[in-house]
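Geometric and topological summary
Okay, here's what each chain looks like letter by letter:
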Amino acid sequence: MLVSYDKETVYIIGDSQTSMNNPITQQFSAFFIGLVIDPVSHKIVDAGCSSTIPLTSQFIQSIFVGHSMLDFEAVAEEIRRRYHGSSQKALIVAFKDAQKKYKSVLAARQEEASEASRTG
């Protein structure tokens, strides 16, 4: 099924390591989450992850969608409360990594807008 996202949304990947005996590590060498974010509201509009069971990715999507990309504590708390897989810590670390990358994207966009207003 092809999903169409608003042209202003951005896609961010966050990654982390999981334990060596984790099937995700054995298959992918790392743990990744992909997040589609509305940069105006900072809301996560879609999410996916590297997982060995499709239900895991769907469940993780239900945790992230609707949250603000800027509210680390709320997302981390929901992960701790709802996700009890062996990759719980890796999921939190991957979100923190994605949030860092997202803030970098926002800063670059603000810089571009500021530069355009000075030259325009």
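A brief report on the enclosed structure follows. (Residues numbered from 1 in each chain as written. Predicted model: local features only at pLDDT ≥ 70, side-chain atom pairs only at ≥ 80, totals over all residues. Heavy atoms only, no water.)

**Let's talk about the side chain of His-42**
Just so we agree on the cut-off: Labels follow the DSSP assignment, with helices taken as runs of H or I lasting at least four residues and strands as runs of E lasting at least two, numbered in each case from the N terminus. Think of a polar contact as two N or O atoms within 3.5 Å of one another; within protein, one of them needs to be a possible hydrogen donor and the other a possible acceptor, and neighboring residues in sequence only count if both atoms come from side chains. Two residues form a contact once any of their heavy atoms are found within 4.5 Å.
Inspection of the secondary structure assignment puts His-42 in the loop between β2 (31-37) and β3 (44-49). A distance of 2.7 Å separates polar atoms of two side chains, one belonging to His-42 and the other to Tyr-102. Not counting residues within four places of it along the chain, the set of residues in contact with His-42 comprises Ile-37, His-67, Ser-68, Met-69, Leu-70, Tyr-102 and Leu-106.

**A few points about the packing of helix α3 (residues 72-82) against helix α4 (residues 88-119)**
The condition is simple: Axis definition: a line fitted to C-alpha atoms, over the contacting stretch in the case of helices. Angles run 0 to 180 degrees between N-to-C directions. Here is the rule for angles: anything less than 35 degrees is roughly parallel, anything more than 145 is roughly antiparallel, 65 through 115 is roughly perpendicular, and the remaining ranges are oblique. The sense of a crossing depends on the near helix, which, turned anticlockwise from the far helix by less than a right angle, makes the crossing left-handed and, turned clockwise, makes it right-handed. Note that Gly is not counted as nonpolar here; it falls among the polar residues with everything else outside the nonpolar set of Ala, Val, Leu, Ile, Met, Phe, Trp, Tyr, Cys and Pro and the charged set of Asp, Glu, Lys and Arg.
Close contact between α3 and α4 brings their axes to 10 Å; oriented N to C, the two are set at 160°. With respect to α4, the axis of α3 lies roughly antiparallel. Crossing angle aside, the handedness with which α3 passes α4 is right-handed. Of the residues in α4, those touching α3 at Phe-72, Val-75, Ala-76, Ile-79 and Arg-80 are Gln-88, Leu-91, Ile-92, Phe-95, Lys-96 and Gln-99. Tallied by class, residues from the contact of α3 with α4 come to seven nonpolar, two polar and two charged.

**What to know about helix α2 (residues 54-64)**
Put simply, the rule reads: The rule is simple: take the accessible area with a 1.4 Å probe, protein chains only, and divide by the maximum for that residue type; under 20% is buried, over 50% is exposed, in between is partly exposed. The directions considered for the arc are those from the helix axis to the C-beta atoms.
All buried positions along α2 are accounted for by Thr-56, Ser-57, Ile-60, Ile-63 and Phe-64. For α2, the angular spread of the buried residues around the axis is 115°, confining them to a single face. Exposed side of α2, more than 90 degrees from the buried face: Pro-54 and Leu-55 are the residues found there. Here the buried face of α2 lies against β2, β3, α3 and α4. Backbone geometry just downstream of α2 places Gly-66 in the positive-phi region, at approximately 100°.

**A closer look at the packing of aromatic side chains**
Keep this limit in mind: For this analysis, a ring pair means two rings from Phe, Tyr or Trp (six-membered ring only for Trp) whose centres lie within 6.5 Å, classed as stacked if their planes differ by under 30 degrees, edge-to-face if by over 60, and tilted for the remaining angles. Throughout this description, the term charge over a ring refers to an Arg CZ or Lys NZ atom that lies within 6 Å of the ring centre and within 35 degrees of the ring normal.
The tally for this structure, following the rule as stated, stands at two aromatic pairs. When the ring of Phe-64 is compared with that of Phe-95, the centres are 5.4 Å apart and the planes differ by 50°; the resulting orientation is tilted. With Phe-64 in helix α2 and Phe-95 in helix α4, this residue pair connects regions lying 31 residues apart in the sequence. By the burial criterion, Phe-64 is buried, and Phe-95 matches it. Cluster of aromatic residues (ring-pair linked, three or more members): Phe-64, Phe-72 and Phe-95. Above the plane of the ring of Phe-72 lies Lys-96, whose end atom (NZ or CZ) is 4.5 Å from the centre.

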